[in-house]
Amino acid sequence: MTPDELRSFRERRGENQTGFAQWLNARLGRKYDNATISRWESGAERIPAKVAEFVAGLSHRPARVIAVANQKGGVGKTTTTLNLAYALGELGRRVLVVDADQQATATEGAGLDPMALQDERRGLEDVLFGETAIRDAIVRRDGFDILPCSIALAEAQIKILLDPDDGRYALRERLEEVQHDYDFVLIDCPPELALITVTALVAADQVLIPTKASRYDVRGIPLILDTVAKIRRRQNPGLGILGILPTMFNRSYAVEQQVLNDLRGLLEGRARIFEPIPRSTEVDQATYAGELPIRALPKSHSISAYRSMAREIIDGD
Ligand code: ADP
Ligand code: MG
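Residues numbered from 1 in each chain as written. Chains lettered and ligands numbered in written order. Predicted model: local features only at pLDDT ≥ 70, side-chain atom pairs only at ≥ 80, totals over all residues. Heavy atoms only, no water.

The protein appears in an unreviewed UniProt entry as AAA family ATPase from Azospirillum oleiclasticum.

Draft legend 1. Molecular detail of the pairing of strand 7 (residues 240-247). With seven of eight residues buried, strand 7 lies mostly within the body of the structure. In the sheet, strand 6 (residues 206-212) pairs with strand 7 via seven bridges, with the strands oriented parallel. Paired with Val-207 across the bridge in strand 7 is Ile-241. (Buried < 20%, exposed > 50% of the residue type's maximum accessible area, 1.4 Å probe, protein only. Helix = DSSP H or I, 4+ residues; strand = E, 2+ residues; numbered from the N terminus. Pairing = 2+ DSSP bridges.)

Draft legend 2. Spatial organisation of the site of ligand 1. Lining the immediate environment of ligand 1, one finds 15 residues, of which Gly-74, Lys-77, Thr-78, Thr-79 and Asp-284 sit closest. Within the contact set of ligand 1, an oxygen atom lies 3.4 Å away from a side-chain nitrogen or oxygen of Thr-287. In isolation ligand 1 has 560 Å² of accessible area, and contact with the protein removes 82% of it. Here the shell around ligand 1 is built from residues that sort into five nonpolar, seven polar and three charged. (Near = heavy atom within 4 Å. Polar contact = N/O pair within 3.5 Å; in protein donor to acceptor, adjacent residues only side chain to side chain. Areas by Shrake-Rupley, 256 points an atom, 1.4 Å probe, with all protein chains shown as cover. Nonpolar A, V, L, I, M, F, W, Y, C, P; charged D, E, K, R; others polar.)

Draft legend 3. A look at the packing of aromatic side chains. Tallied over the entire structure, the rule returns five aromatic pairs. Both rings, one in Phe-9 and one in Phe-20, keep their centres 6.2 Å apart while their planes meet at 65°; by these two values the pair is edge-to-face. Remark: Phe-20 occurs in helix 2 (residues 17-28) and Phe-9 occurs in helix 1 (residues 3-12); sequence separation between them is eleven residues. Of the two residues, Phe-9 and Phe-20, neither departs from the other in class, the shared state being buried. Taken together, Phe-9, Phe-20, Trp-23 and Phe-54 form an aromatic cluster joined through their ring pairs. (Phe/Tyr/Trp six-rings, centres within 6.5 Å; stacked < 30°, edge-to-face > 60°.)

Draft legend 4. Highlighting the sheet that holds strand 1 (residues 64-68). On the basis of which strands lie adjacent, the open sheet formed by seven strands has the order 3-4-2-5-1-6-7 and mixed pairing. Since the sheet does not close on itself, it has two edges, and those belong to strand 3 (139-140) and strand 7, each with one partner. Inspection of the sheet shows strand 1 paired to strand 6 by three bridges, in the parallel sense. Across the sheet, Ile-66 pairs through a bridge with Gln-206, a residue of strand 6.

Draft legend 5. Region of interest: the pattern of salt bridges. All chains considered together, the criterion is met by 16 salt bridges. Glu-120 is paired through a salt bridge with Arg-122; the nearest N and O atoms lie 3.5 Å apart. We classify Arg-122 as partly exposed; its relative accessible area is 22%. Between Asp-145 and Arg-140 there is a salt bridge, with the nearest N and O atoms lying 2.4 Å from each other. Accessibility expressed as a relative area gives 60% for Arg-140, which makes it exposed. Through salt bridges with shared partners, one network takes in Arg-7, Arg-10 and Glu-41. (Salt bridge = Lys/Arg side-chain N within 4 Å of Asp/Glu carboxyl O.)

Draft legend 6. Just the nonpolar core, in detail. Of all hydrophobic cores here, the largest spans 52 residues; its most connected members are Leu-96, Leu-124, Leu-147, Leu-175 and Ile-187. In terms of residues, this core owes the most to one element, helix 12 (residues 195-203), which gives six residues. Non-local contacts of Leu-147, meaning those with residues more than four positions away in its chain, are made with Leu-96, Val-97, Val-98, Asp-99, Gly-123, Leu-124, Val-127, Ile-134, Ala-137 and Ile-138. Grouped together as the second largest cluster of nonpolar side chains are 33 residues, Tyr-86, Ala-106, Ile-146 and Phe-274 included. (Core = buried A, V, L, I, M, F, W, Y, C linked by side-chain atoms within 4.5 Å. Contact = heavy atoms within 4.5 Å.)

Draft legend 7. View of the packing of helix 10 (residues 153-162) against helix 12. Helix 12 packs onto helix 10 with a crossing angle of 70° between their chain directions and a minimal axis gap of 9 Å. Here helix 10 lies roughly perpendicular to helix 12, going by the angle between them. Here helix 10 contributes Leu-153, Gln-157, Ile-160 and Leu-161 to the contact with helix 12, which in turn contributes Leu-195, Ile-196 and Thr-199. Each residue belonging to the contact of helix 10 with helix 12 can be placed in one class, and the counts come to five nonpolar, two polar and no charged. (Axes fitted to C-alpha atoms, helices over the stretch in contact; angles between N-to-C directions. Parallel < 35°, antiparallel > 145°, perpendicular 65-115°, else oblique.)

Here it is as C-alpha cells:
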C-alpha cells in the first residue's frame, strides 16, 4: 500500500486524520493519532504491515447491496433510497441507486427523464438480460450514481418469469459486474411482492423496510419478513434484515408512539427498529417540486435523521 492509496482510502471514507486514527484504533486495538496518519500519508514513516493489510482488505470488499422494500405504497421507500444514498455519498461512500419500480419515481427524483432514457435503452429493463451493459446504462448524478428504469420494466417481469436460467438471479449477476465500483448499492423496490422485488431480494445482502407508524401499515410487516425468510431458505442464504425504518413519524401523535411500541413487541428479536424519520411538510414540498430533499433542505430534522442513519450504517460496516 502506497501513502497515496492510504490517503485516498481515508478521503473516500470522508474522515480527517484524527477520525481515521480513532477508527483504526477501535478495529486494531492500537493508539495511533493524527500525526501518525500524517507521517504515513506523506511517506515519512512506513505504513505498518497490519494496517496496510487491513485497509487493503476493505478496499477490495464488494459493495453492500441493500434492497429498500415494502409491499405497501407511499411508505417512504423512494424518499429513503434517494436521501440515504445522498447521505452515504456525503460521507465519502460510492453509492449506486437501482430504480426497480416501473413507476420510475427514483429516476425522476434524481432529476432524470425516464422516457428519454427509455429511448436510449438505458434502463434496468435493458440491463437485466444484457441488451445494454450495466456500465453504459448507469447515470452519474451529484452525490450518487443511478441505474434508472422506465415503465418498460413491466415487460421485464415477463422475461424474468420465462427465463430458462431462472431470471430471478439476473440482477444479482449484473450487479456483480460493478460490485467493486461501489461501497453501497440501494435498490428502490416497487410497492408489491412481485417478481422484480424477489429479483431484488435475491441480489441483496440486506433489506431495509420503511413503514409508516399506522396500525394498518405495520400489519404488513410480517408478510415481507416471511418473504425474506423464504428467499433466505431458497435462493439467497446470506440475506439479512438491516432493519425497519418508521418514516413520516409524528412525535406529537400519541397513537404513532403506541404503534411504534406495538411494533417493538411484534418484532422482538426478529429485526432492529431504526430511529423514526420525522414527518415534515417541507420534505413533501421538495419532492413535489422535483427536488431532492437532502439537497434542498440541509437543515430539516427529517434530513438529519437520514444523515445519522447513514453514519450508523457505515459504523456497522
Ligand atoms: P414509496 O416509495 O414507499 O411509495 P415515497 O418515498 O414516494 O413512498 O413517499 C410517499 C410520499 O410521502 C411522497 O409524497 C413523499 O414526498 C412523502 N414523504 C416521504 N417521507 C416524508 C417525510 N419524512 N415527511 C413528509 N412527507 C414525506
Ligand atoms: Mg416508491
